[in-house]
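# Secondary and tertiary structure notes
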2 protein chains.
Amino acid sequence: MFDVIKGDLEQLEEHLLQDVASPEADITEIGSHLITSGGKRIRPALCLLAAHGGPAFDLARVLPLAAALELIHTASLVHDDVIDAADTRRGAATVNAKWGNQIAILSGDFVFARAFALVAEQNYGGFVLKALADLVGNLSVGEIIQDRNVYQASRDVADYYARIQKKTADFLETCCALGGEVSGMTRADVEQLAAYGHAIGMAFQITDDLLDILETEAQTGKPAGNDIRQGILTLPVIRAMEVSPDAAELERIVTDPEMTEEMAQRALTIVRATDGVERARAKADEYLATAKASLPASLPADIREAFVMVADFIGDREF
Amino acid sequence: MFDVIKGDLEQLEEHLLQDVASPEADITEIGSHLITSGGKRIRPALCLLAAHGGPAFDLARVLPLAAALELIHTASLVHDDVIDAADTRRGAATVNAKWGNQIAILSGDFVFARAFALVAEQNYGGFVLKALADLVGNLSVGEIIQDRNVYQASRDVADYYARIQKKTADFLETCCALGGEVSGMTRADVEQLAAYGHAIGMAFQITDDLLDILETEAQTGKPAGNDIRQGILTLPVIRAMEVSPDAAELERIVTDPEMTEEMAQRALTIVRATDGVERARAKADEYLATAKASLPASLPADIREAFVMVADFIGDREF
């Protein structure tokens, strides 16, 4: 998908490993584990693609920014895994599983700090720095709101959209906007790329959420219904609470923190029997169309094509 | 002690409350709890004093920096309290006790992010930002090293000094240096103030550690020997392991993660019977003398006097 930045992404891996290295071997070990455990690198990829689209592209200048974005994402996942008491991520042991919660909390802080140190060294200016600081702030606020509202069956679709915006769309928007910004794109083009990033972010999270309803353990290695089990309501569930003949039963299940596995499976069955998944997929497609329409006219053909492929990939993905 | 910056510190409290405010009432509530639960504000006070000593003092310019330093300290305490499972701090409930570990981890991230957002808005330049990012990184690294080495009776005094430098001295050094920096102090004067901050930081932590050996529950509301109980070796304990006739027994106790309260009390008795506390106090006094000798000659008399009072306060404090 990312042929045009394949070389950049290889350099990024090297960069990330160096970013988390420390004179303390313990720290380097934890950092390497985090970086080599993978990830799709969608955030730095969007930043690099956007930078390629600007008139003053300079890989040496944008690479630390792309790395900082991935480090912020990584740090936030490390803290999420402590919060969710998760044992594995992407098939590898989480930091909390391998080294304990204490080290995981501190490692997350360390990785956040390294991201800001990278940005400090580059003098990107207040705009970039403020965007990154606000991003971390909003990610935390979004998670706090989500945590405080679990097992409360809000049927408010606006709450759902506000939540996935803070969780995902704001981040992808920032990646696109800042990549364009440091490559000297015009303000108008930066804003259009930001709109693209926002829209694919919304589509990405909606798709993620509906796959959690649909997927089987054989496909993904994890059981479906994680969100329901954690008391987090997603678009198909909210729809089912409106239209299902079993809406009352569904609501009882999703608001019960003592939910058994049997109850979670029953909730999935109720949701799958409605048009909730289908409508969520249509909503994701709507966002992807918006995304493509938002791409600035000034983009070189190969970069535009790559951005379109990202959108198509999000629409097509089945896991 | 801080008459010369009394008005500044009052404004700081207002600033801090606004810094942690959010459109989300839940967040504002947690933030207000953190700020109103107090703290000695030693870090922003040092920054403000240093700024007053520079030729281009501007309160509006330095106040956000002073606030950012206190927010970084606050965020790191919030995470420390999760790590230590602490119920109270400064007599108030910790965030983890009041809202749970999940919210506490995320609140710490939020407060870190707010600190960097403040700095981003002010365009202090790469020097200030890099110093703050490195500070957060070093705080985390210092804690990780400490956590991984608990209950290991290293007799290496150099390890101890390296640890308290990362934990405390680097922070106070940064507060002094950056306050001078944003007030247009010469590089040489900034470096002298940094040396002052480093030295009082070392003295402060040594004193803190020896008070943990000496103090009684009546004085402080918490039992003595917290460090020993947590497997953290401080200067008096390291000395006792060298000179005490009961050194072997002491070593057995402090390396035992299953240590009982009786064992901890016995360790305290062994340490108190040596010259460990007395020698640690002498070492702290040595640092305080270095601190005073490091103050730049260019400082106005009232500012110099305040810096000397800070050093004397650290030397005299008994709790």
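Right above here is the structure, for reference.
All of the points below concern the structure found in this document. (Residues numbered from 1 in each chain as written. Chains lettered and ligands numbered in written order. Predicted model: local features only at pLDDT ≥ 70, side-chain atom pairs only at ≥ 80, totals over all residues. Heavy atoms only, no water.)

## A closer look at the overall build of chain A
Applied cut-off: What counts as a helix is a DSSP run of H or I of at least four residues, what counts as a strand is a run of E of at least two, and both are numbered from the N terminus. A simple rule labels every residue: compare its accessible area, found with a 1.4 Å probe on the protein chains alone, to the largest value its type can have, and call it buried under 20%, exposed over 50%, or partly exposed in between. Whether two residues are in contact is decided by their heavy atoms, any of which lying within 4.5 Å being enough. In these tables, accessible area is a Shrake-Rupley quantity obtained with a 1.4 Å probe, and a residue counts as shielded only by the protein chains included in the view. We treat Lys and Arg as the positive residues and Asp and Glu as the negative residues; His and chain ends play no part in the count. To locate a charge, take NZ of a lysine, CZ of an arginine, CG of an aspartate or CD of a glutamate.
Of the regular secondary structure elements, chain A holds 16 helices and 2 strands. Projected onto its principal axes, the C-alpha coordinates of chain A cover approximately 60 × 50 × 35 Å. Expressed as a percentage of the 319 residues in chain A, the buried residues total 57%. Considering only contacts in chain A between residues 6 or more positions apart, those separated by 24 or more positions represent 74%. By element, 49% of the accessible surface of chain A is carried by carbon and sulfur atoms, the whole surface being about 12,500 Å². Taken as two groups, the 28 positive and 50 negative side-chain charges of chain A have centres that lie 3 Å from each other.

## Thoughts on the packing of aromatic side chains
Using the following cut-off: In this analysis, rings of Phe, Tyr and Trp, with Trp reduced to its six-membered ring, are considered paired at centre separations within 6.5 Å, and the interplanar angle assigns stacked below 30 degrees, edge-to-face beyond 60, and tilted for intermediate values.
According to the stated counting rule, one finds 7 aromatic pairs over all chains in the structure shown. Between Y160 of chain A and Y161 of chain A, the ring centres sit 5.5 Å apart and the planes meet at 70°, which makes this aromatic pair edge-to-face. The buried category is assigned to Y161 of chain A, whose relative accessible area is 18%. A centroid spacing of 4.9 Å and a plane angle of 70° characterise the contact between Y196 of chain B and F307 of chain B, whose relative ring orientation is edge-to-face. Here Y196 of chain B, found in helix α9 (residues 187–214), pairs with F307 of chain B, found in helix α16 (residues 301–316); they are 111 residues apart in sequence, far enough to count as distant.

## A short note on the interface of chain A and chain B
What counts here: Buried surface area refers to the total accessible area, computed with a probe of radius 1.4 Å, that the two partners give up upon joining, counted for both partners together. Here, a salt bridge means any Lys or Arg side-chain nitrogen found within 4 Å of an Asp or Glu carboxyl oxygen.
If you look at the interface, chain A gives 38 residues, while chain B gives 39 residues. Summing both sides of the interface, chain A and chain B together bury roughly 3,500 Å²; the carbon and sulfur share of this comes to 73%. When the area that chain A buries against chain B is broken down by residue, the three leading residues are L106, I144 and R148 of chain A, summing to 17%. In this structure, the connection of chain A to chain B is made through 4 salt bridges. For the salt bridge of K130 of chain A with E121 of chain B, the shortest nitrogen-to-oxygen distance reads 3.4 Å.

## Observations concerning the pattern of salt bridges
Overall, the coordinates contain 30 salt bridges over all chains when judged by the stated rule. Note that E286 of chain B and K283 of chain B form a salt bridge whose closest N and O atoms lie 3.1 Å from each other. With E286 of chain B and K283 of chain B both in helix α15 (residues 276–294) and 3 residues apart, this pair spans about one turn of that helix. According to the relative accessible area criterion, E286 of chain B is partly exposed, its value standing at 46%. Shared partners join several salt bridges into a network, and the residues in it are E13, R41 and E70 of chain A.

## What about the nonpolar core?
Rules: What makes a nonpolar core is a set of buried Ala, Val, Leu, Ile, Met, Phe, Trp, Tyr and Cys residues whose side-chain atoms join them at distances within 4.5 Å.
In this structure, F307 of chain A together with F307 of chain B are the most contacted members of the largest nonpolar core, which totals 231 residues. If we ignore the near neighbours within four places in the chain, the residues touching F307 of chain B are L46, L49, A50, C176, L193, Y196, L295 and L299 of chain B.

## Comments concerning the packing of helix α3 (residues 42–52) of chain A against helix α16 (residues 301–316) of chain A
All names here are of chain A. Threshold: Axis definition: a line fit to C-alpha positions, over the contact stretch in the case of helices; interaxial angles, taken between N-to-C directions, run 0 to 180 degrees. Convention used here: angles under 35 degrees read as roughly parallel, angles over 145 as roughly antiparallel, angles from 65 to 115 as roughly perpendicular, and any remaining angle as oblique. Left-handed describes a crossing whose near helix is turned anticlockwise from the far helix by less than a right angle; the clockwise case is right-handed. Each residue gets one of three labels, nonpolar for Ala, Val, Leu, Ile, Met, Phe, Trp, Tyr, Cys and Pro, charged for Asp, Glu, Lys and Arg, and polar for the others, Gly among them.
Contact geometry for α3 and α16: axes closest at 9 Å, N-to-C directions at 155°. On the basis of the axis angle, α3 is roughly antiparallel to α16. The two elements α3 and α16 meet at a crossing, and its hand is left-handed. Of the residues in α16, those touching α3 at I42, L46, L49, A50 and H52 are I303, A306, F307 and V310. In terms of residue class, the contact of α3 with α16 is built from 8 nonpolar, 1 polar and no charged.

## Considering the relation of the copies chain A and chain B
This is how the line gets drawn: The copies were overlaid by least squares, fitting only the C-alpha atoms of residues that reach a pLDDT of 70 or more in each copy.
Once chain A is rotated about the relating axis by 180° and shifted along it by 0.0 Å, it coincides with chain B to within an RMSD of 0.0 Å. In symmetry terms, the pair is related by a two-fold rotation axis. Here 100% of the contact residues of chain A are again contact residues in chain B; the copies associate through an equivalent surface.

## Things to note about helix α12 (residues 235–243) of chain B
By the criterion of burial, α12 of chain B is predominantly enclosed, with 7 of the 9 residues buried. For α12 of chain B, the set of buried residues is L235, P236, V237, I238, R239, A240 and M241 of chain B.

## Quick word on the state of the cysteines
Quick note on the threshold: Note on disulfides: each one is a pair of cysteine sulfur atoms within 2.5 Å.
Scanning the entire structure with this criterion turns up 0 disulfides over all chains. As a non-bridged cysteine, C175 of chain A has C47 of chain A as the owner of its nearest cysteine sulfur, 6.5 Å distant. Free of any disulfide, C176 of chain B has its nearest cysteine sulfur in C175 of chain B, 6.7 Å distant.

## Quick look at unusual backbone geometry
All names here are of chain B. One non-glycine residue, R41, lies in the positive phi region at around 55°. Counting through the fold element by element, R41 comes out in the loop between α2 (25–36) and α3 (42–52). Overall, the relative accessible area of 7% leaves R41 in the buried class. Positive phi, close to 50°, is recorded for R90, a residue that is not glycine. Structurally, R90 is set in the loop between β1 (88–89) and β2 (92–93).

## Points about the environment of L235 of chain A
All names here are of chain A. Position of L235 among the secondary structure elements: in helix α12 (residues 235–243). By relative accessible area, L235 is classed as buried at 10%. Ignoring anything within four residues of it in the chain, the contact list for L235 reads V157, Y160, Y161, I206, A280 and K283.

## Here's the deal with the packing of helix α6 (residues 101–122) of chain A against helix α7 (residues 126–148) of chain B
Remark: α6 of chain A packs on α7 of chain B, axes separated minimally by 8 Å, with the N-to-C direction vectors making an angle of 160°. With respect to α7 of chain B, the element α6 of chain A is oriented roughly antiparallel. Like other packed secondary-structure pairs, α6 of chain A and α7 of chain B cross with a definite hand, here left-handed. Of the residues that constitute the contact of α6 of chain A with α7 of chain B, the class distribution is 12 nonpolar, 5 polar and 8 charged.

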